[in-house]
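This is what each chain is made of:
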Amino acid sequence: STSAIPISTVAMFKQLQKLTNGNLELIIESVTGKIGDKVDENMRSTICEVSDDLQRIKASWKRPQRTTIILREVKAGTTEADIRSLLDGTSYKVQSVRSDVGQNWFVTMSTEDD
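Remember, predicted model here, so these are calculated numbers, not experimental data. (Residues numbered from 1 in each chain as written. Predicted model: local features only at pLDDT ≥ 70, side-chain atom pairs only at ≥ 80, totals over all residues. Heavy atoms only, no water.)

Q: Explanation requested: the pairing of strand 5 (residues 56–59) in the structure shown.
A: Each regular strand displays side chains that alternate between the two surfaces of the sheet. Examined bridge by bridge, strand 1 (residues 5–6) and strand 5 share 2 bridges and lie antiparallel to one another. By the bridge assignment, proline 6 is partnered in strand 5 with arginine 56. Where strand 4 (residues 48–50) lies against strand 5, 3 bridges are found, and the strand directions are antiparallel. From the neighbouring strand, valine 50 faces strand 5, where its bridge partner is isoleucine 57. The loop that links strand 4 with its antiparallel partner strand 5 comprises 5 residues; one of these, leucine 54, has a positive phi angle of about 60°. (Pairing = 2+ DSSP bridges. Helix = DSSP H or I, 4+ residues; strand = E, 2+ residues; numbered from the N terminus.)

Q: Explain the pattern of salt bridges here, please?
A: Two side chains carrying opposite charge are able to pair once their charged atoms lie near each other. Applying the stated criterion across every chain, the model contains 4 salt bridges. For glutamate 49, the salt bridge goes to lysine 58, with nearest N and O atoms at 3.9 Å. Accessibility expressed as a relative area gives 37% for glutamate 49, which makes it partly exposed. Residue classification places lysine 58 among the partly exposed residues on the basis of a relative accessible area of 27%. Across the pair glutamate 80 and arginine 84 runs a salt bridge, and its minimum N-O distance is 2.9 Å. (Salt bridge = Lys/Arg side-chain N within 4 Å of Asp/Glu carboxyl O. Buried < 20%, exposed > 50% of the residue type's maximum accessible area, 1.4 Å probe, protein only.)

The quantities given are spatial measurements derived from coordinates; they are silent on function.
Listed below in C-alpha cells is the structure:
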C-alpha cells in the first residue's frame, strides 16, 4: 500500500529512538503484539499495522459504519410512529428516529447490516 512507510524510517523518529534505541524488532513487537511465537491480542496496536513482510508500517483505518438512513422531503405532519411503521414487519433493528431541519427524518439502525 502506498500509505505504508519503511519501519526503518519510523525508527529514526527522535522520540521513538529514545524508547527503542532504534531496535526495529522491538518496534515490530510493539505493533503486532507478537513476542517470539506468541501473540498477545491485548498488546496489539489498534492504530497501526505492520506489513506481512515486516518491513513497512501504516496507520490502521476502518471505515465507520453507515447506520443512518435520511428520509428527505417527508410530508409535513408525519410523526415518529409513521416513520417507524414504514419498517414494521422488516428485519431492520431501528435504534432511533428523529426529525430534523425541515421535512427530513433520520433513522438510525443498530448496525450497518440492518
